[in-house]
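Report on the structure
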Amino acid sequence: MAHALVEYSDNLTDQGDIRGLLKKIAAQMCNSNGVFPTGGIRIRANRLSEYVIADGEDDYAFVNIVVQMGSGRPADFKKQFFDELFEIIKAHFAIIYASRYLAISLYVVEVNEQNSYKQNNIHAKFVSAMPPTKA
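Think of each chain on its own: its residues are numbered from 1, step by step along the sequence as written. It should be noted that, the model being predicted, local features are given only for residues of pLDDT at least 70 and side-chain atom pairs only at 80 or more, the latter also being counted only at that level, while totals for whole chains, interfaces and linings use all residues. The basis for every side-chain value is the complete set of heavy atoms in the structure, and neither hydrogens nor water enter the calculation.

This paragraph deals with the overall build of the protein. Secondary structure elements follow DSSP: runs of H or I of four or more residues count as helices, runs of E of two or more count as strands, with numbering from the N terminus. Of the regular secondary structure elements, the protein holds 4 helices and 4 strands. Shown N-terminal to C-terminal, the secondary structure of the protein runs as helices and strands in the order β-α-β-β-α-α-β-α. Sorting the 135 residues of the protein into buried and exposed places 36% on the buried side. Any two residues whose heavy atoms approach within 4.5 Å at even a single point are treated as in contact. Considering only intrachain contacts with a sequence separation of at least 6, the fraction spanning at least 24 residues in the protein is 82%. Here the protein has roughly 8800 Å² of accessible surface; of this, 52% comes from carbon and sulfur atoms. Burial classes follow relative accessibility: with a 1.4 Å probe on protein chains only, a residue under 20% of its type's maximum area counts as buried, one over 50% as exposed, and anything between as partly exposed. Under the convention used here, a 1.4 Å probe and the Shrake-Rupley method define accessible areas, while residue burial counts only the protein chains that appear.

What follows is about the side chain of Ser32. Looking at the element boundaries, Ser32 is found in the loop between helix H1 (18-30) and strand E2 (41-48). Pairs of N or O atoms within 3.5 Å make up the polar contacts considered here, provided that, within protein, one atom can donate a hydrogen while the other can accept it, and that residues adjacent in sequence are counted only when both atoms are side-chain atoms. One polar contact links the side chain of Ser32 to the main-chain amide nitrogen of Phe36, over a distance of 2.9 Å. If sequence neighbours within four positions are ignored, Ser32 has contacts with Phe77 and Phe81.

Before going further, it helps to spend a moment on the sheet that holds strand E3 (residues 61-70). When DSSP finds two or more bridges between a pair of strands, those strands are recorded as paired. Across the sheet, 4 strands lie side by side as E2-E1-E3-E4; this open sheet has mixed pairing. The sheet is open, and its two edges are formed by E2 and strand E4 (102-111), each paired on a single side. Sheet twist, expressed as the mean angle between neighbouring strand axes with direction ignored, is 15°. The pairing of strand E1 (residues 2-9) with E2 spans 8 bridges and is parallel. Only the contacting stretch of a helix is used when fitting its axis, a line to C-alpha atoms as for every element, and angles between N-to-C directions run 0 to 180 degrees.

With 13 residues, H1 should reach 18 Å at 1.5 Å per residue; the first-to-last C-alpha distance of 18 Å fits that figure. Inspection of H1 places Ile18, Gly20, Leu21, Leu22, Ile25, Gln28 and Met29 among the buried residues, and these make up the whole buried set. In this structure, the buried residues of H1 make contact with E1, E2, E3 and helix H2 (75-92). One less than the residue count of a helix, multiplied by 1.5 Å, gives the span that helix is expected to have.

This part covers the pairing of E3. Where burial is concerned, most of E3 is hidden: 8 out of the 10 residues are buried. When E1 meets E3, the two strands line up antiparallel, connected through 7 bridges. Within E3, the residue paired with Leu5 across the bridge is Val66. Bridge analysis of E3 against E4 gives 10 bridges, and the strand direction is parallel.

Given below as structure tokens:
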């Protein structure tokens, strides 16, 4: 399981290429050497039109990303993976960041499996697509 929810201010709609950002996050998760099973990856976005940023006096913008994942991944993997992911996110918004006020945040939440209920038949597609292992 690796889910990412991207919330963003609607004043980024025209410049932000949010769909492109979602694809970059998904690609990074898919390239995790199986740490995040492909069938469990979910990346989605919510455009927000009701918000106040800072003093509310300027055309500020924000992107807030929350990644939820099952617990148990090694600490060194998480550090390297999320450092790299944050760099990808910052690079995606670099031109906008250089030209206007923009807050970018990434939070990682580990979900206790005892508090997580799931049913997912998408995994089977990717498991059956894997070649058999040699003994």
